[in-house]
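# Observations on chain architecture
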Amino acid sequence: MGLAEPLLRSLSREGYDQATPIQEAAIGPLKQQRDLVGIAQTGTGKTAAFMLPILHRLAQDNGQKNGQRPRSLILAPTRELAGQIEDAARRYGKFMRVSTTLVIGGASSRNQLRALQRRPDIIVATPGRLLDHMTNANLDIGQMECVVLDEADQMLDMGFLPAIRRIMAALPRKRQTVLLSATMPREIRALAADFMQDPVEVSVAPAATPVELIDQQALSVAASDKRQKLTEILRGDNVTRAIVFTRTKRGADRVTRHLEQGGLSAAALHGNKSQNQRERILASFKAGKVRTLVATDIAARGIDIDSVSHVINFELPNVPEAYVHRIGRTARAGASGQAISLVDVAEHGLLRDIEKLIGRVLLPTRDGEKNRNPRRGPKPAHSQAKATTSSRQPKSGSGRRRTRGRRANAPSAQAA
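Since this is a predicted model, take the numbers as computed values, not measurements.

## Topic: the overall build of the protein
Check the secondary structure of the protein and you find 16 helices and 14 strands. Taking all contacts inside the protein whose residues are at least 6 apart in sequence as the whole, residues at least 24 apart take part in 77%. When the accessible area of the protein is evaluated, it comes to approximately 18,200 Å², of which 44% is carbon and sulfur surface.

## Overview of unusual backbone geometry
A positive phi angle, near 55°, is found at Arg119, a position not held by glycine. Its location among the elements puts Arg119 in the loop between α5 (109-117) and β4 (122-125). Positioned with a positive phi, Glu151 is a non-glycine residue whose angle comes to about 55°. Its place among the elements puts Glu151 in the loop between β5 (146-149) and α7 (152-157).

## Structural notes on the pattern of salt bridges
All chains considered together, the criterion is met by 17 salt bridges. Asp344 is paired through a salt bridge with Lys226; the nearest N and O atoms lie 3.5 Å apart. Taken together, the residues Asp344 in the loop between β13 (337-343) and α15 (348-358) and Lys226 in helix α10 (residues 226-234) connect sequence positions 118 residues apart. Judged by its relative accessible area of 13%, Asp344 falls in the buried class. Between Arg247 and Glu347 there is a salt bridge; the shortest N-O distance is 2.8 Å. Here Glu347 lies in the loop between β13 and α15 and Arg247 lies in the loop between β9 (242-245) and α11 (249-261), a separation of 100 residues in the sequence. In this structure Glu347 comes out as buried when scored by relative accessible area, which is 3%. One salt-bridge network, held together by shared partners, links Arg57, Asp61, Arg71 and Glu145.

## Describing the packing of helix α8 (residues 161-170) against helix α9 (residues 186-195)
The contact between α8 and α9 brings their axes to 12 Å, and the two run at 10°. It follows from the interaxial angle that α8 and α9 lie roughly parallel. Two secondary-structure elements touch here, α8 through Leu161, Ile164, Arg165, Met168 and Ala169 and α9 through Leu191, Asp194 and Phe195. Broken down by class, the residue content of the contact of α8 with α9 amounts to 6 nonpolar, no polar and 2 charged.

## Let's talk about helix α6 (residues 127-135)
All buried positions along α6 are accounted for by Pro127, Arg129, Leu130, Leu131, His133 and Met134. On its buried face, α6 is in contact with β2 (72-75), β3 (100-103), α5, β4, α7 and α8. Of the residues one or two after α6, Ala137 is the one with positive phi, at around 60°.

## So, the packing of helix α2 (residues 21-31) against helix α3 (residues 46-61)
Packing of α2 against α3 brings their axes to within 9 Å, and their N-to-C directions diverge by 25°. One element, α2, and the other, α3, form an angle in the roughly parallel class. In this structure, α2 crosses over α3, and the sense of that crossing is right-handed. Contact residues: α2 offers Ile22, Gln23, Ala26, Ile27, Leu30 and Lys31, while α3 offers Lys46, Ala48, Ala49, Phe50, Leu52, Pro53 and His56. For the contact of α2 with α3, the per-class residue count stands at 9 nonpolar, 2 polar and 2 charged.

## A closer look at α5
An α-helical turn contains 3.6 residues, so a residue and the one three or four places further along point in the same direction. Within the span of α5, buried status applies to Gln112, Ala115 and Leu116. The buried side chains of α5 occupy one side of the element, clustering within an arc of 100° when seen end-on. Along α5, exposed side chains directed more than 90 degrees from the buried face belong to Arg110 and Gln117. Considering only its buried residues, α5 is in contact with β3, β4 and α6. The opening residue of α5 is Ser108, an N-cap whose side-chain oxygen sits 3.3 Å from the backbone nitrogen of Arg110. Directly beyond the C-terminal end of α5, a positive phi value near 55° is found at Arg119.

## Regarding a positive patch on the surface
There is a patch of like positive charges on the surface, built from Arg227, Arg250, Arg254 and Arg257. The biggest single contributor to the positive patch is α11, with 3 residues. Residue position: Arg250 is located in helix α11.

## Observations concerning the pairing of β9
Judged by which residues are buried, β9 turns out to be covered on both faces: Ala242 and Val244 on one side and Ile243 and Phe245 on the other are all buried. By the bridge criterion, 4 bridges tie β9 to strand β11 (residues 292-295) in an arrangement that is parallel. Bridged to Val244 within β11 is Val294. Examined bridge by bridge, β9 and strand β12 (residues 310-313) share 4 bridges and lie parallel to one another. Bridge pairing in β12 links Phe245 to Asn313.

The rules we used
- Along each chain, the written sequence defines residue order, and numbers are assigned to residues from 1.
- A pLDDT threshold of at least 70 governs which residues receive local features in this predicted model, and a stricter bar of 80 or more applies before side-chain atom pairs are shown or counted, although totals over entire chains, interfaces and linings include all residues.
- Excluded from the side-chain calculation are hydrogens and water; included are all heavy atoms of the structure.
- Under the scheme used here, helices are H or I runs from DSSP no shorter than 4 residues and strands are E runs no shorter than 2 residues, and both carry numbers assigned from the N terminus.
- Contact criterion: two residues are considered in contact whenever any of their non-hydrogen atoms come within 4.5 Å of each other.
- Only the protein chains shown count as cover for residues, with accessible areas throughout obtained via the Shrake-Rupley method and a probe of 1.4 Å.
- Salt bridge, as applied in this entry: a Lys or Arg side-chain nitrogen positioned within 4 Å of an Asp or Glu carboxyl oxygen.
- Burial classes follow relative accessibility: with a 1.4 Å probe on protein chains only, a residue under 20% of its type's maximum area counts as buried, one over 50% as exposed, and anything between as partly exposed.
- Here, axes are lines fitted to C-alpha atoms. For helices the fit covers the stretch in contact, and angles between N-to-C directions go from 0 to 180 degrees.
- Comment on the angle field: the value is read as roughly parallel under 35 degrees, roughly antiparallel over 145, roughly perpendicular from 65 to 115, and oblique elsewhere.
- Each residue is assigned to one of three groups, with Ala, Val, Leu, Ile, Met, Phe, Trp, Tyr, Cys and Pro labelled nonpolar, Asp, Glu, Lys and Arg labelled charged, and all others, Gly among them, labelled polar.
- The sense of a crossing depends on the near helix, which, turned anticlockwise from the far helix by less than a right angle, makes the crossing left-handed and, turned clockwise, makes it right-handed.
- This arc is built from the directions going out from the helix axis to the C-beta atoms.
- Any pair of nitrogen or oxygen atoms within 3.5 Å is treated as a polar contact; in protein, a donor-acceptor pairing is required on top of that, and neighbouring residues in sequence qualify only through side-chain atoms on both sides.
- Any residue with relative accessible area above 30% and no salt bridge may belong to a patch, with like charges joined within 9 Å and the nonpolar Val, Leu, Ile, Met, Phe, Trp and Tyr side chains within 5 Å.
- Positive: Lys, Arg. Negative: Asp, Glu. His and the chain ends are not part of the count.
- For charged residues, the charge sits on one atom: NZ in Lys, CZ in Arg, CG in Asp, CD in Glu.
- Strand pairing follows a simple DSSP-based rule, namely that at least 2 bridges must link the two strands.

Read these as spatial facts, not as claims about activity.
In structure tokens form, the structure reads like this:
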């Protein structure tokens, strides 16, 4: 793919020998400094798809533009995802003289200020903390060459759209803009239309369609029986590592206590945990010391851990697209996985919305409800399907109609 030699060395060290479809389709246009909209599910190699061209440009310049630093800005919806992106930049840039800084909530602003004063090449940030530094005149982004909005649909759901617009307005007119998302609602297309110039559009799979390596099923369970059913599932021999999703932080704590009382190793991950606590919990989960992670949508965003055998929706999400992001925590890097949703009668409407989105019936019969198929939707596509590329300008009026009440149900950006 014509990448700089130091990058090839680091990729070889990481054991990468073949590009994924999103990388194959995106790296070429990004090396040509084209704007790009990438639609791909989690776990398909999106981080390398945008990070390698950024590092390639730095390697080609060979330090000639040091006076223009910082040069690239990457925005992510959560601290965990931002941390993983910055870690990827360090690993891929191991054999280069490249500096990176992580700017996220829950960490010392003073330490971040000192790091920003050293003018790093790449800044990886969550929108809220970045805006704080900009407001306090700690950072000028007026000379950025490239900005990446990763998981743009999640930033929208978390209420970051006003912050993103303020950040984008402070960037130079002449820049490269990259927008990556698993789904493409109308608001994201409007953002692309407002801030991008003739973007290439790359799509690896139909928007919001889960990869077919995930075995999806829904079980009809009374609300009062959910904890017992969850315990039964987690005691199964085939469960090696599981993520359980709840809607609220308090709910995550309650489920965790129930599992611990039943002799199962579990830990809760949510916005009330400090950054140090979140990092320790994730490290324990990754090391296998904790077998079950009970998480809210916001806290779990950006968890990129292999060998998660099961994702269990203890409660269905209010926003159907969140279901896609949740189950994407399993079946990563070509592995298979299982997604189980525990559905009580009050959640049947949420289940119908999910079924319409993914084009698949998860619960054929429902108590007190006639069996009916959802409207025909896109057929599930394998995450390794051949990517399609186009150069059309995204239209602000296109995209799937948003679910009623989405903004009211969206989690608070402050929790990130």
